[in-house]
Each structure stands twice: as C-alpha cells, then as structure tokens.
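# Chains, contacts and geometry: an overview
Below, each chain spelled out in residue letters.
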Amino acid sequence: MEDLLRCVQGDITSMEVDAIVNAANNSLLGGGGVDGAIHQAAGPGLLAACRLLGGCPTGEARLTDGYLLPARYVIHTVGPVWQGGGEGEPELLAACYRNSLELAVSRGVASIAFPAISCGVYGYPLEAACILAVGELRAWLSGRPHGLREVRLVAFDARALDAYRRAIEA
Ligand code: AR6
C-alpha cells in the first residue's frame, strides 16, 4: 500500500495521471491558485462543464472531463476556509480526500494527483494539512479494494514538498 502514495514537486496541470484534483470554491466557476491554473490549462470546455454542476458544498467532490489537460478527469473538491481549527476544518478537509477518492474509484481511475487542498488562499496550516492528507489517504487506501496504482501528492514549492516528505516518513 505504501508505495501507492508518493509526493512530487511540480505543476499539477501537466501531470499525466488519470485524474487531477482541483481545490475549487463552492461555485465551481473558477478562481485563482490551482483552480485558475487548471481552468487555464483545460480550456473553456471545463468552465462550461462546471456551470452544469450547480456548485459543490464544502467537503464534497464533483467530476468533469479534463478537456485539454493530459489528465482524463478533473475532480473538483472544496476545502474548508481555515478559521482557527475549531469550525470543523479538519473533518471537512478529510472529507475532501475521501470523497475525491470515492469518486475517482467509481470511474475506474488508477492514478490520481492531489494539490495541497485549502493550503493557499484558504489558509489551512501546511504542516497540519499534509499530516491529515497522508493519514486520511493511508486509512482509506488500506480500508477497501480500490484499483488505484498511484496517489500523488503534488507540492507546488519546496516547503510543501518538505512537509509532505515529513508526513509520509512519520
Ligand atoms: N499545481 C500544484 N499546486 C498548485 C498550483 C499548481 N499549478 N498552483 C497553486 N498550487 P489554492 P485553496 C498550490 O489557493 O487554499 C481558488 O481561488 C498552492 O501553492 O489554489 O484550497 C479557488 O477558486 C497551495 O499549496 O487553493 C478557491 O476560491 C495549494 O495549491 C480558493 O482558491 C492550494 O492553494 C481555494 O483555496
């Protein structure tokens, strides 16, 4: 199971995996950060598909095609805005990881890449988010049959890569 989970530094929009996860907002109509980069790289087909979804509650996930991306699918999930940690943020972030995996596996996805959901504009502390992501992914992957061959945690910078490495080694 352990070799399924790895971390890399890079731009998630260039990743050749079956599905990439987008750290979106409740509207699913695009934004900045990784969301903006994914829409930019996928082209206008992605926004048109997102318009049909009617938004997404925090902690849930929705799937579209990847359009001009190398990835076949985009799984849009909405992380919590960090408000100090007492507003259910850890449980909502954990739900993002679980619900994204459920949706991926339901479509036969074998490889998936996650950005550091909520760790940009939404302000979730990076170290805590990486530990939570690794713990949640490990628990999910060991708890059921799934067909996944790779779960890639994508760090956009060296600091995030370090945080993922520490979380994976812990
Ligand atoms: N590839 C991989 N990771 C990236 C990329 C990229 N191309 N670009 C940024 N990151 P953020 P959030 C990292 O702010 O905190 C949007 O406007 C970034 O360094 O994109 O969940 C949405 O529409 C950070 O570690 O997402 C929402 O309104 C991580 O991705 C809001 O931001 C997430 O940062 C969501 O905020």
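In the nomenclature of an unreviewed UniProt entry, the protein chain corresponds to O-acetyl-ADP-ribose deacetylase from the organism Chromobacterium indicum.

## Comments concerning the pattern of salt bridges
When charged atoms on two side chains of opposite charge get close, those side chains can pair. Overall, the coordinates contain seven salt bridges when judged by the stated rule. In this structure, Glu136 engages Arg98 in a salt bridge whose closest nitrogen and oxygen atoms are separated by 2.8 Å. Placement of the pair is Glu136 in helix α4 (residues 126-142) and Arg98 in helix α3 (residues 89-106), with a sequence separation of 38 residues. The exposure class assigned to Arg98 is partly exposed, which follows from its relative accessible area of 27%. What emerges from the salt-bridge pattern is a single network uniting Arg6, Glu150 and Arg152.

## Regarding the layout of surface pockets
Estimated volume of the largest pocket: approximately 690 Å³. Along the wall of the largest pocket there are 31 residues; nearest its centre are Gly33, Val34, Ala116, Cys119 and Gly120. Residue classes in the lining of the largest pocket are distributed as 18 nonpolar, nine polar and four charged.

## Some details on the site of the ligand
The environment of the ligand is formed by 22 residues, the closest being Asn25, Gly32, Val34, Asp35 and Gly120. Taking Asp11, its side chain carries an N or O atom lying 2.9 Å from a nitrogen atom of the ligand. When the ligand is considered free in solution it has 700 Å² of accessible area, and contact with the protein chains removes 89% of it. In a pocket analysis with a 2 Å cut-off to the grid points, the ligand is assigned to the largest pocket. With four residues, helix α1 (residues 33-42) is the largest single contributor of residues to the shell around the ligand. Taken together, the residues of the shell around the ligand sort by class into 12 nonpolar, eight polar and two charged.

Each value, and the rule that gives it
- Residues numbered from 1 in each chain as written.
- Predicted model: local features only at pLDDT ≥ 70, side-chain atom pairs only at ≥ 80, totals over all residues.
- Heavy atoms only, no water.
- Salt bridge = Lys/Arg side-chain N within 4 Å of Asp/Glu carboxyl O.
- Helix = DSSP H or I, 4+ residues; strand = E, 2+ residues; numbered from the N terminus.
- Buried < 20%, exposed > 50% of the residue type's maximum accessible area, 1.4 Å probe, protein only.
- 1 Å grid on protein atoms, 1.4 Å probe; cavity = no way out; pocket = protein on both sides within 12 Å on 5 of 7 lines; lining within 4 Å.
- Points joined across faces, edges and corners; volume = space filled by probe spheres on them.
- Nonpolar A, V, L, I, M, F, W, Y, C, P; charged D, E, K, R; others polar.
- Near = heavy atom within 4 Å.
- Polar contact = N/O pair within 3.5 Å; in protein donor to acceptor, adjacent residues only side chain to side chain.
- Areas by Shrake-Rupley, 256 points an atom, 1.4 Å probe, with all protein chains shown as cover.
- Sits in = over half its atoms within 2 Å of the grid points.

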